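# Descriptive analysis of the structure
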Amino acid sequence: MDFKKIMRNPEYDFLRTNPRLSGRIILLGLGGSYAYGTSNADSDIDFRGVTLPLRSDLLGLTSFEQYEDSATDTVIYSFNKMVKLLLECNPNTCEILGLDEEQYLIKTEIGQELIDNSGLFLSQRAAKSFGGYASAQLRRLQNAIARDSMPQAEREGHILNSVQNTLEDFQRRYGEFEYGAVRLYLDQAVTAGMDTEIFVDASQNHMPLRDFQKMFGALNNVIRDYDKIGKRNKKKDSNHLNKHAMHLIRLFLMAIDILERGEIRTHRVDDVKLLLDIRSGVFLKEDGTFDEEFYRILGEYEERLKTAAEHSVLPEQPDMDKVEAFVESVNQRALDSDNRTGKGDSL
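Please read all numbers here as calculations on a predicted model, not as lab measurements. Each chain carries its own residue numbering, running from 1 in the written order of its sequence. Residue-level local features of this predicted model are given only where pLDDT is at least 70; pairs of side-chain atoms are given and counted only at 80 or more, and the full residue set underlies all totals for whole chains, interfaces and linings. Only hydrogens and water are set aside when side-chain values are computed; all heavy atoms of the structure are taken into account.

Following DSSP output, two strands are said to pair if at least two bridges run between them. Secondary structure follows DSSP: runs of H or I at least 4 residues long count as helices, runs of E at least 2 residues long count as strands, and numbering of each begins at the N terminus. Judged by pairing direction, the sheet is mixed, and its five strands sit side by side in the order β3-β4-β2-β1-β5 without closing on themselves. Every interior strand has two partners, whereas the edge strands, β3 (66-69) and β5 (104-107), have only one. Between one strand axis and the next, the sheet turns by 15° as a mean value, whatever way the strands run. When strand β1 (residues 25-31) meets β5, the two strands line up antiparallel, connected through three bridges. Bridge pairing in β5 links Leu-28 to Ile-106. Helix α7 (residues 109-116) rests against β1, β2 (46-51) and β5 of the sheet, and its axis sits at about 60° to β1. Under this scheme, a helix contributes an axis fitted over its contacting stretch, all axes are lines through C-alpha atoms, and angles between N-to-C directions fall in the 0 to 180 degree range. In what follows, residue pairs with any heavy atoms lying within 4.5 Å of each other are defined as contacts.

Closest axis-to-axis distance for the helix α11 (residues 238-261)/helix α13 (residues 292-310) pair is 9 Å, and the angle between their directions is 25°. As judged from the angle between their axes, α11 and α13 are roughly parallel. As for how α11 packs across α13, the hand of that crossing is left-handed. In contact with Ala-245, Leu-248, Ile-249, Phe-252, Leu-253, Ala-255, Ile-256, Leu-259 and Glu-260 of α11, α13 contributes Phe-294, Ile-297, Leu-298, Tyr-301, Glu-302, Arg-304, Leu-305, Ala-308 and Ala-309. Considered class by class, the residues forming the contact of α11 with α13 number 15 nonpolar, no polar and three charged. When an angle is under 35 degrees it counts as roughly parallel; over 145 it counts as roughly antiparallel; between 65 and 115 it counts as roughly perpendicular; any other value is oblique. Handedness of a crossing is defined here by the sense of rotation of the near helix relative to the far one, left-handed for an anticlockwise turn of less than a right angle and right-handed for a clockwise turn. Amino acids are sorted into nonpolar (Ala, Val, Leu, Ile, Met, Phe, Trp, Tyr, Cys and Pro), charged (Asp, Glu, Lys and Arg) and polar (every other residue, Gly among them).

Right, let's get into the packing of α11 against helix α12 (residues 272-280). One way to put it is that α11 packs onto α12 with a least axis distance of 7 Å and a crossing angle of 155°. By the angle between their axes, α11 is roughly antiparallel relative to α12. Where α11 abuts α12, its residues Asn-242, Lys-243, Ala-245, Met-246, Ile-249, Arg-250 and Leu-253 lie against Leu-274, Leu-275, Ile-278, Arg-279 and Ser-280. Split by residue class, the contact of α11 with α12 holds seven nonpolar, two polar and three charged.

Here we take up the nonpolar core. Inside soluble globular proteins, nonpolar side chains tend to come together where they are buried. Counting residues in each nonpolar core, the largest one holds 76 residues, and the members touching the most others are Leu-15, Phe-79, Leu-114, Phe-121, Ile-249 and Phe-294. Counting residues per element, this core draws most heavily on α11, at 13 residues. Excluding its chain neighbours within four sequence positions, the residues that come into contact with Phe-121 are Val-83, Leu-86, Leu-87, Cys-89, Leu-114, Pro-318, Val-323 and Phe-326. What makes a nonpolar core is a set of buried Ala, Val, Leu, Ile, Met, Phe, Trp, Tyr and Cys residues whose side-chain atoms join them at distances within 4.5 Å. Accessible area is worked out with a 1.4 Å probe on protein chains only. A residue is then buried under 20% of its type maximum, exposed over 50%, and partly exposed in between. Membership of the second largest hydrophobic core comes to 11 residues, among which are Phe-170, Tyr-179, Val-182 and Met-215.

Okay, a negative patch on the surface next. Patch building starts from residues that exceed 30% relative accessible area and form no salt bridge, then joins like charges within 9 Å and nonpolar side chains (Val, Leu, Ile, Met, Phe, Trp, Tyr) within 5 Å. Residue-level accessible areas treat just the shown protein chains as cover; the underlying method is Shrake-Rupley with a 1.4 Å probe. Any carboxyl oxygen of Asp or Glu that lies within 4 Å of a side-chain nitrogen of Lys or Arg is treated as forming a salt bridge with it. By the counting scheme adopted, Arg and Lys are positive, Glu and Asp are negative, and His together with the chain ends is not counted. A charged residue contributes its charge at one atom only: NZ of Lys, CZ of Arg, CG of Asp or CD of Glu. Together, Asp-319, Asp-321, Glu-324 and Glu-328 make up a negatively charged patch on the protein surface. As for its placement among the helices and strands, Glu-328 is situated in helix α14 (residues 320-341).

Moving on, we come to the pattern of salt bridges. Per the counting criterion, the structure on display carries 18 salt bridges. Linking Asp-13 and Arg-16 is a salt bridge whose minimum nitrogen-to-oxygen distance equals 3.0 Å. Taking the relative accessible area as the measure of exposure, Asp-13 reaches 34% and is therefore partly exposed. Here Asp-257 ties to Arg-265 by a salt bridge, and the two come within 3.0 Å at their closest N and O atoms.

Written as structure tokens, this is what we have:
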């Protein structure tokens, strides 16, 4: 498939006309199944990228984090937002730096620098971030199966595990921060029709409204994920279950690469047969559950991730002095270019 030709179609005109994107995108590449090498006839085309900030973002009053076009499944992050997500080893953004050469549609000199400096952002946090995503994926898979095949008490156990993973991520970010603290926890429900529910104890002082908005957005995500658990989704058919299972294993594979070798490999060439077998339903039984071989494979990768985390080649935390120097260098060049052109043309 000629993705560069597709990118020139009218529905992608925003790449050329939006002032935050036109001439400012430093990376644009494939996302989703086409990036992993696991696409099939039903796969959507996703593009993911990075764009430089405007002069007013750096020196003025404007701000920008990401551009999303839902019609084309395109997400483009601002450079500074991208860096912050990379420092958290966020799986969705790490992927952008691990594509094969032919999977990039736009790559400028600065885009190549970002790829070359990917090691600046990688740390042992990857075990928590990728592991957390994988655990959440596993719980979604188990809950989808449990809705129909497990007793109520056992279903509640799976629901609890899913919620705990969500709470842990929120608590890591907001348990204690500059303006206060937020504590989320499960307790006996007071809402009719629920056995347990999430409660909050919160204290903030002199907190900027925009920071509060971000925290509240994360809180909304917790609520959204909790509310989805245990509710039947009629679209969660075998294809969806297989896709969940495939991405679960893929997350483990990527995390192991990062922790063992400090490498981001998004295109899973060596693993594509296993991943496509999972996606095609090789391990799914007629009763809608997965066979013992799938869980053996899963257990093997869980152990490998644990070992990789314990003996990782990565530092515990990124070297923030080096990260800061790189970010300042890129942003300074963005400013210099804007000063030369007066409108922020491509570097």
